[in-house]
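Working through the structure, step by step
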Amino acid sequence: MAHLIPVLVQTPAHSQIGGALTYRSESPLTPGTLVRVPLGRRETLGVVWDGAAAHDASLDPSRLRPVSTVLDALPPLGPNWRELVTFAARYYQRAPGEVALSALPPPLRDLSEVQLQRRLRRKTPPAGATAGPPASPEGTEVPAGQAWPLSAEQQVVMEQLRHGEGTFVLFGATGSGKTEVYLQCVQELIERQPDAQALVMVPEINLTPQLQQRFLARFAPQFGAEAVVSMHSGMTHPQRLRSWLAAHLGTARIVLGTRMAIFASMPRLQLIVVDEEHDPSYKQQEGARYSARDLAIYRGQREQARVILGSATPSLESWYHSRPRAEGGRYTRLHMPSRVGDQARLPLVRRVDMNHQPRRAVIAPPLLEAIRQRVAAGEQSLVLLNRRGYAPVLQCSACDWKSACPHCSAYRVFHKIDRSLRCHHCGFAEPVPRACPECGNLDIAPIGRGTEQLQEHVAALLADVRRPGSQTPEQPQGLAVNVARIDADSTRLAGSLQSQLAQVHSGEVDVLVGTQMVAKGHDFRRITLVAAINADNALFSSDFRAPERLFSLLMQAAGRAGRDAAVSGHSEMWIQTFQPQHPLFDALKRHDYPAFAEQQLRDRASAGLPPFSFQALLRAEARTQEAAQGFLDAASAAAQAQLADLPGFELITLYPAVPMTIQRVANVERTQMLVESPSRKALQNFLAAWHELLHTVRQGEAGRGLLRWAVDVDPLAI
Ligand code: ADP
Ligand code: ZN
Ligand code: ZN
């Protein structure tokens, strides 16, 4: 007898085939089993899915195509994993096949059953079998990592975690020992339950080596190096396959990873940690635009796994949901306000009122003086500017010419190092013209300032300072101050970030200039001064989340200063601003995230913004603005005309379509339309019904000239 088997395959985004396809098999197949099936003329990887196969009674089962191979060397993907995929696909408005297949490691798509069996036989030795300390990813010895005796605050938190359940927000200052809490929670779990697994997520690939070392040092001696695996997009395909298999088979007890790791198959998942949970990197920005943090909460609930969301500046959503239960909070808030260690005080925050500084001063004289003193004392400073390149635009002094990108509605940035004009949106680059391309004038000048120029400028300002102790008989004047730079340009080559960080750690660098990428997570023990040069930009942004992001960035940056107890007695965070009285800086000065959050939440509540409402964006891309707008207008009209009877429709607000902030990128016009509702359920119902209509609109007149459309649920940038 032939069995009808529903199978998910990777379908092109938005193809009408939303659900599973039906295949024929001689034997019944368990849901979650991996199979190879014919699709068109190819053969492709599929996952046997739940539910009855969609079957048209008139269809002769013998005409269905058969499953080609059953990869039954591998245990089927479990019901929890399938449920997660189904939920994510529905919630983020994508095809389940797309979500399921992109969550599997790429090599799985190409392995034959024989290769897979060979791979599984070659499986890792049993946990605990390795002798001696394991090698870290860089090949250096991992130091023995013992558990610290916990501080009083850490103990209280651990007690609450032991006895509570559900989702926790661990609100802890940078350096308060959150990571130590994660480590000890994981340890208690995997010691108590011999097969339990934990998932620990960080926002950036760059942060994984550091974390991996810490976890290996702690757990490899007892559980073997195989007990800890990583999952992120910077790994090679074979590495990803190995980690994935170890997690799926349960050999890996701990999975460390970036947002993609939320889809790891972990049959015995008991604990999920989302470190720096406020970080926007947890939101995928293409394909299925999922939030790994939000999926972690869903997954935790569903699998009865504890979820810890850690941050010094929680997202306002998590903060709000962790308000006292009596007020309707759903998560448990845990608090660790102090840094670990005797003298490890939080840095002093100083505001520099730029209204009272010499005009055009990039670095105010008192800040410069403070940096000089740090250099003289052999300490390091970090100067932050969120703009890479030399200057954001070149301009002709005689005519109107500016270095606009011909393909985008943006200026090309001047990079002095290779004398190029580069567009940071589409990548278009050209050598800097010798003269103005419009009028031939030779005088074209940079306007504004990026990190390249800041590095040059700081070095010039400190030209008369010598590195302390650098005078030798051969070099009686001593050495010049070393000003280094770390940003996306300086770290383009693989491994360059690690080597640049190593230089900072070794003390070769006196002043480090960088973008926000250095403010995130990296531990700089010898930096005692952090300065934000131009913090004001975000205060005037049209994005309602800009203040939240600025506050967390500055708090995080301040946290970089003086994590070493020996020097932190006098560590400082300097903020140059034209708005010194702004409440954001006031709260920052007091390291008072709760006050900041309260004020923001009040604003959000009165404006009806998240977390008091729920949003989605419909985005459209076309060759012309009219085509993109036309599609969105038609989509809106179709909703009004055909969905008005939908339950909850009165709770939906459809805003007019507006061009995106950078409306043209690589010759593509981009427009978006905001949909908002005070009810998540109403919004979800609406989006599901609308999705069908959007396909129809796309096929009709209004879809002409449209290149792409996509729905972004819970968007982070509007
Ligand atoms: P966070 O993750 O909150 O920034 P970490 O867990 O990284 O903080 O802790 C900061 C530093 O303090 C680390 O070097 C860590 O090893 C150390 N540390 C953490 N807990 C303790 C403790 N109970 N006693 C001594 N040192 C600790
Ligand atoms: Zn000109
Ligand atoms: Zn461009």
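To keep things clear, this report deals only with the structure shown in the data block. (Residues numbered from 1 in each chain as written. Chains lettered and ligands numbered in written order. Predicted model: local features only at pLDDT ≥ 70, side-chain atom pairs only at ≥ 80, totals over all residues. Heavy atoms only, no water.)

Next up on the list: unusual backbone geometry. The linkage connecting Pro 610 with the following residue, Pro 611, adopts the cis geometry, with an omega of 5°. Even without being glycine, Gln 93 reaches a positive phi, approximately 60°. Within the secondary structure, Gln 93 is located in the loop between helix H1 (79-91) and helix H2 (96-102). Of the residues examined, Gln 93 reaches a relative accessible area of 7% and is grouped as buried. Of note, Asn 667 is a non-glycine position whose phi angle comes to about 65°, a positive value. With respect to the helices, strands and loops of the structure, Asn 667 is situated in the loop between strand E26 (658-665) and strand E27 (668-677). (Helix = DSSP H or I, 4+ residues; strand = E, 2+ residues; numbered from the N terminus. Buried < 20%, exposed > 50% of the residue type's maximum accessible area, 1.4 Å probe, protein only.)

What follows deals with the pairing of strand E1 (residues 3-9). Extensive coverage of E1 is indicated by the burial of five of its seven residues. Bridging between E1 and strand E2 (residues 21-25) involves five bridges; their strand directions are antiparallel. What sits directly across from Pro 6, in E2, is Thr 22. Bridge analysis of E1 against strand E4 (residues 42-48) gives three bridges, and the strand direction is antiparallel. Across the sheet, Val 9 pairs through a bridge with Gly 46, a residue of E4. (Pairing = 2+ DSSP bridges.)

Residues Leu 104, Phe 686 and Trp 690 are the most contacted members of the largest nonpolar core, which totals 89 residues. Considering every element that reaches this core, the biggest residue donor is helix H18 (residues 680-699), with nine residues. Aside from chain neighbours lying at most four places away, what touches Phe 686 is Ala 639, Leu 643, Leu 646, Phe 649, Ile 652, Leu 654 and Val 675. In this structure, Leu 384, Ala 535, Met 555 and Met 573 belong to the second largest nonpolar core, which totals 41 residues. (Core = buried A, V, L, I, M, F, W, Y, C linked by side-chain atoms within 4.5 Å. Contact = heavy atoms within 4.5 Å.)

Our next topic: the sheet that holds strand E18 (residues 429-431). Taken in spatial order, the three strands line up as E16-E17-E18 in an open sheet, and their pairing is antiparallel. A strand with exactly one partner marks an edge of an open sheet, and here the two such strands are strand E16 (413-415) and E18. The sheet shows a mean angle of 25° between the axes of neighbouring strands, taken without regard to direction. Both strand E17 (residues 420-422) and E18 contribute to a ladder of three bridges, which runs antiparallel. Pairing of Arg 422 across the sheet is with Ala 429, part of E18. (Axes fitted to C-alpha atoms, helices over the stretch in contact; angles between N-to-C directions.)

Looking at the metal site, the zinc ion (ligand 3) is ligated by Cys 405 (SG), Cys 408 (SG), Cys 423 (SG) and Cys 426 (SG), spaced 2.2 to 2.3 Å from it. Mapped onto the sequence, the residues coordinating the zinc ion (ligand 3) show the spacing C-x2-C-x14-C-x2-C. Taken as a pair, Cys 408 in the loop between strand E15 (393-396) and E16 and Cys 426 in the loop between E17 and E18 lie far apart in primary sequence, 18 residues in all. For Cys 426, a relative accessible area of 28% gives the class partly exposed. (Donors = N, O, S within 2.8 Å, 3.2 Å for Na, K, Ca; no water.)

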